[in-house]
Amino acid sequence: MKGMEETVEIATPKRTKEIIQRHGFSFKKSLGQNFLIDQNILNKIVNAADLDESKGALEIGPGIGALTERLARVAGPVTAVEIDQRLLPILGEVMQPYPNVRVHHGDVLKLDLAELFRTDFGTVDKVSVVANLPYYVTTPIMMKLLEEKLPVDSIVVMIQKEVAERMAAAPGSKDYGSLSIAVQYYSMPELVCIVPPTVFIPQPNVESAVIKLKVREQPPVEVPDEAHFFEVVQASFAQRRKTISNNLKARFFTKENREQADQLLEQAGIQPSRRGETLSLQEYATLSTVMWEAGVRAAL
Ligand code: SAM
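Because the structure is a prediction, the values reported are computed rather than measured. (Residues numbered from 1 in each chain as written. Predicted model: local features only at pLDDT ≥ 70, side-chain atom pairs only at ≥ 80, totals over all residues. Heavy atoms only, no water.)

### A short note on the nonpolar core
Step number 1: Membership of the largest hydrophobic core comes to 64 residues, with the highest contact counts inside it found for Phe229, Leu248 and Leu287.
Step number 2: Discounting chain neighbours no more than four positions away, the residues touching Leu248 are Val232, Ala235, Ser236, Phe253, Leu265, Leu287 and Met291.
Step number 3: With 38 residues, the next largest nonpolar core counts Ile20, Ile90, Leu91 and Val101 among its residues. (Core = buried A, V, L, I, M, F, W, Y, C linked by side-chain atoms within 4.5 Å. Buried < 20%, exposed > 50% of the residue type's maximum accessible area, 1.4 Å probe, protein only. Contact = heavy atoms within 4.5 Å.)

### Some remarks on the packing of helix α2 (residues 39–49) against helix α3 (residues 66–74)
Step number 1: Direction vectors running N to C along α2 and α3 enclose 50 degrees, while the axes themselves pass 10 Å from each other. Put simply, α2 runs oblique to α3. As for the relative orientation of α2 and α3, their crossing is right-handed in sense. Each of Gln39, Leu42, Asn43, Ile45 and Val46 in α2 lies in contact with α3, whose residues at this interface are Ala66, Leu67, Arg70, Leu71 and Val74.
Step number 2: Residues of the contact of α2 with α3, tallied by class, amount to 7 nonpolar, 2 polar and 1 charged. (Axes fitted to C-alpha atoms, helices over the stretch in contact; angles between N-to-C directions. Helix = DSSP H or I, 4+ residues; strand = E, 2+ residues; numbered from the N terminus. Parallel < 35°, antiparallel > 145°, perpendicular 65-115°, else oblique. Left-handed = near helix turned anticlockwise from the far one by under 90°. Nonpolar A, V, L, I, M, F, W, Y, C, P; charged D, E, K, R; others polar.)

### With respect to the site of the ligand
Step number 1: In the neighbourhood of the ligand, 22 residues make up the surrounding shell, with Leu36, Gly61, Glu82, Asn132 and Tyr136 lying closest.
Step number 2: About the coverage of the ligand: the protein hides 99% of its 600 Å² of free accessible area.
Step number 3: More than half of the atoms of the ligand fall within 2 Å of the grid points belonging to the largest pocket.
Step number 4: Of all the secondary structure elements, the ones that give two or more residues to the shell around the ligand are β1 (35–36) and β3 (78–82).
Step number 5: When its residues are assigned to classes, the shell around the ligand shows 11 nonpolar, 7 polar and 4 charged. (Near = heavy atom within 4 Å. Areas by Shrake-Rupley, 256 points an atom, 1.4 Å probe, with all protein chains shown as cover. 1 Å grid on protein atoms, 1.4 Å probe; cavity = no way out; pocket = protein on both sides within 12 Å on 5 of 7 lines; lining within 4 Å. Sits in = over half its atoms within 2 Å of the grid points.)

### A short note on the packing of aromatic side chains
Step number 1: The tally for this structure, following the rule as stated, stands at 11 aromatic pairs.
Step number 2: Their ring planes at 85 degrees and their centres at 5.6 Å tell us that Phe25 and Phe27 sit as a pair that is edge-to-face.
Step number 3: Note on Phe27: relative accessible area 28%, which makes it partly exposed.
Step number 4: Here the aromatic cluster, defined as three or more aromatic residues joined through ring pairs, consists of Tyr185, Tyr186, Phe229 and Phe230.
Step number 5: Here the guanidinium or amino end of Arg297 rests over the ring plane of Trp292, the centre of that ring lying 3.5 Å away. (Phe/Tyr/Trp six-rings, centres within 6.5 Å; stacked < 30°, edge-to-face > 60°. Lys NZ or Arg CZ within 6 Å of the ring centre and 35° of its normal.)

So, in structure tokens, the structure goes:
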């Protein structure tokens, strides 16, 4: 939205403190409440989302609205979902100059996001998710956004640095695991910047990072059944120090048919002595296809 230049920014330590004191707000650690107080970082997040008035933005956890107001200035419709009812009057006040912002009260994990997209983003072709996420639920929120195959163009989020590194990790690195594969199956991750604890109040006791996931229109590999593919991946990382052969045997094979595990691995072109962390996305896709075609399913 244009014409908002005269509005005072929230994200300064002074103004944030003034707002929370005036409303008698106290931070809840259990809700991951670490509010951003740094203009520079807010700019980096919003710039990475590459928004304009033709695009929508979904924010999860607006807090007192520091990021929301930035989004409101550059995007078309902005929808923010906040779990903490105590923040609603503050958001009502801060968002008053921005008619393009809607605030919903609720837990994003319980929300029907497909329905929310239909009602709030019916007028735009592209929607980005932009958020400083509550760290205690980062992975479930990210997996919900990716697995529900919503019409999301990109996801730009502040998360714990260690989780961002796992999402973006390449095969062979210590951070590479089932989270890297799940995220990279649905999107192309890019680390935007590392962020110190000093840009938040209160300060979290971990380092953070901004990560951008460009959501893929199609996964980069073909698999016969997504649930089976992810089961194979999960099983392969069950015990990181074990070979892929031993991990698969534990999950998919009985004593009687254990030999078959190594035969199928060889058929997929994978040495049974390798470890799960060395396999690429394509190798997992091939392995899952070979196992699926041989009728191998996880033991219940
Ligand atoms: N966006 C604000 C900022 O950057 O200053 C606040 C970010 S703070 C890290 C996370 C926010 O998410 C808090 O406002 C918290 O109340 C909210 N939150 C926590 N769990 C949530 C959930 N399950 N659904 C929606 N919001 C949630």
